[in-house]
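Residue-level listing of the chains:
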Amino acid sequence: MITNGSHSNIYLEELNNAKVKLLIPNTVLAFVFLLTGLVGNGLVLVVYRCKLRSKTDDRYFIPCLSLVDMIACSIGATYAISMNFNPFNFRSDLICKLVWFLHQSISFSSALLLLAIAVQRYIKVSRLVNSSMSLRSKRFTITSILIGSTIISVPCLVLYGRDEVLLKNENRTITGYNCGTVPNVNQKFLFGYSVTLLLMCLSGIFALIILYSLILSKIFKQESFRKKNFYRPDKQSLSDKEQHSSENTIQTQSSNVTDADYSVDISESKTTYIDSTTTNNQQQNMQGGPAIKGNNSNVPSAI
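Residues numbered from 1 in each chain as written. Predicted model: local features only at pLDDT ≥ 70, side-chain atom pairs only at ≥ 80, totals over all residues. Heavy atoms only, no water.

Engineer: Where do I start with the overall build of the protein in this structure?
Structural biologist: Scanning the protein from terminus to terminus reveals seven helices and two strands. Here the protein, with 303 residues, has 24% of them falling under the buried criterion. A separation threshold of at least 6 residues defines the contact pool for the protein, and within that pool the share at least 24 residues apart is 77%. Summing over all exposed atoms, the protein offers an accessible surface of approximately 21,600 Å²; the carbon and sulfur share of this is 63%. (Helix = DSSP H or I, 4+ residues; strand = E, 2+ residues; numbered from the N terminus. Buried < 20%, exposed > 50% of the residue type's maximum accessible area, 1.4 Å probe, protein only. Contact = heavy atoms within 4.5 Å. Areas by Shrake-Rupley, 256 points an atom, 1.4 Å probe, with all protein chains shown as cover.)

Engineer: It is not clear to me how the UniProt feature "transmembrane region" (unreviewed entry) in the protein should be interpreted in this structure. Could you clarify?
Structural biologist: Under the local residue numbering, the UniProt record ascribes the feature "transmembrane region" (unreviewed entry) to residues 28-48, 60-81, 101-119, 140-160 and 190-216. Helix makes up 100% of residues 28-48 and strand makes up 0%, while its end C-alpha atoms are separated by 30 Å. Secondary structure across residues 60-81 divides into 100% helix and 0% strand, with the first and last C-alpha atoms of the span separated by 32 Å. (UniProt positions renumbered as here; feature names shortened; annotations may be inferred.)

Engineer: Honestly, the environment of A30 in this entry has me stumped. Any pointers?
Structural biologist: Tracing the backbone through its elements, the reader meets A30 in helix 2 (residues 24-51). Classification of A30 by relative accessible area gives buried; the value is 7%. Once you skip the residues sitting within four places of it in the chain, A30 turns out to touch A77, A80 and I81.

Engineer: Explain the state of the cysteines to me, please; I cannot follow it from the model alone.
Structural biologist: Defined simply, a disulfide is a covalent bond joining two cysteines at their sulfur atoms. Taken as a whole and assessed by the stated rule, the structure comprises one disulfide. Put simply, C96 and C179 are joined by a disulfide, and their sulfur atoms are 1.8 Å apart. On the S-S bond that ties C96 to C179, the torsion sits near 90 degrees, and the link is right-handed. Remark: C179 occurs in strand 2 (residues 173-181) and C96 occurs in helix 4 (residues 93-126); sequence separation between them is 83 residues. (Disulfide = S-S within 2.5 Å.)

Engineer: Would you mind showing me how to read a nonpolar patch on the surface here?
Structural biologist: A contiguous nonpolar surface patch, about 960 Å² in accessible area, is contributed by F191, V195, L198, L199, L202, I205, F206, I209, I210 and L214. For I205, the location among the structural elements is in helix 7 (residues 187-286). (Patch = residues over 30% accessible without salt bridge, like charges linked within 9 Å, V, L, I, M, F, W, Y side chains within 5 Å. Salt bridge = Lys/Arg side-chain N within 4 Å of Asp/Glu carboxyl O.)

Engineer: Please clarify how the packing of aromatic side chains should be interpreted in this entry.
Structural biologist: Each aromatic ring pair is characterised by the separation of its centres together with the angle its planes make. Enumeration over the complete set of coordinates arrives at two aromatic pairs. Ring geometry for Y79 and W100: centres 6.0 Å apart, planes at 65 degrees, overall edge-to-face. With Y79 in helix 3 (residues 58-85) and W100 in helix 4, this residue pair connects regions lying 21 residues apart in the sequence. Residue class for Y79 comes out buried when judged on its relative accessible area of 16%. (Phe/Tyr/Trp six-rings, centres within 6.5 Å; stacked < 30°, edge-to-face > 60°.)

Engineer: I tried to follow the layout of surface pockets on my own but got confused; where do I start?
Structural biologist: Empty space among the atoms becomes apparent when a probe as large as a water molecule is rolled across them. In this model, the largest pocket occupies a volume close to 290 Å³. Along the walls of the largest pocket sit 13 residues, with A111, M200, C201, G204 and I205 positioned nearest its centre. The set of elements that each furnish at least two residues to the lining of the largest pocket consists of helix 4 and helix 7. Sort the elements by how many residues they give to the lining of the largest pocket and helix 7 lands first, with seven residues. The residue makeup of the lining of the largest pocket, split by class, is 10 nonpolar, three polar and no charged. (1 Å grid on protein atoms, 1.4 Å probe; cavity = no way out; pocket = protein on both sides within 12 Å on 5 of 7 lines; lining within 4 Å. Points joined across faces, edges and corners; volume = space filled by probe spheres on them. Nonpolar A, V, L, I, M, F, W, Y, C, P; charged D, E, K, R; others polar.)

Engineer: Could you clarify how one ought to interpret helix 4 in this entry?
Structural biologist: Given 3.6 residues to a turn, an α-helix orients residues that are three or four positions apart in the same direction. The end-to-end C-alpha separation of helix 4 is 50 Å, in line with the 50 Å expected for 34 residues at 1.5 Å each. Looking at where helix 4 begins, the residue whose side-chain oxygen comes 3.3 Å from the main-chain nitrogen of I95 is S92. Downstream of helix 4 by one or two residues, R127 has phi in the positive range, about 55 degrees. (Expected span 1.5 Å × (residues − 1). Polar contact = N/O pair within 3.5 Å; in protein donor to acceptor, adjacent residues only side chain to side chain.)

The structure is reproduced here in structure tokens:
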């Protein structure tokens, strides 16, 4: 004999299976996200830990970020897939609390690691303090992020769990089970916690935008200054060459002018000499020939 409880379970399974069919696209998308997150973050871990030899501060934080993202993707996608397969028949209260707590704490750790990387890059670009962090400082930063994320996510153990859902089927009311907010939770506390999480997320987003805007501004200024210093010697040498060539041109022109004056003086002197010689010859011709100078002789006149 089938009791009312067994009838309710049968109806609940039917409703659950019908909902599972409707959620097939969502389930496929969750599988795609799971595979993409695992493969992508796994490649980042392999490249940063095995292929890159130089280890900077960013290359210490980025593998940690990839590992945290891989864990968050695994937990979040697994939770979504399990919820899609049991939308009205999720009966484990403990698993629901642990999944919410782990997913939220790991997600906050990932967000805080992104913020830490942005702060470290800003310090490096601005050169405010010693940009190189010691291994102890790096470990302290990661430990603080994990502890802070855990503390922020502790209320999830109280606020979330197995929730009862009333379902109607064929004029019957069936009790289903879902993983969500517990029924008897304090609504004011839930609202305050949700608003706090929202403000923290918005603050983190604005902080990332401001930090990376400052980083881009610093990089642009440094690049402009570097280009000015790089091209300044060429301009100076070019001006020196132009000045030297202009001086050579002036000297050449002055030497040409001097040579021309000298040649003019020589030609004028030659012309004056020729004119004087011509005048003397004309005077001698008019006097009857050239004058013959007498020669003094020691021979006696009688001979």
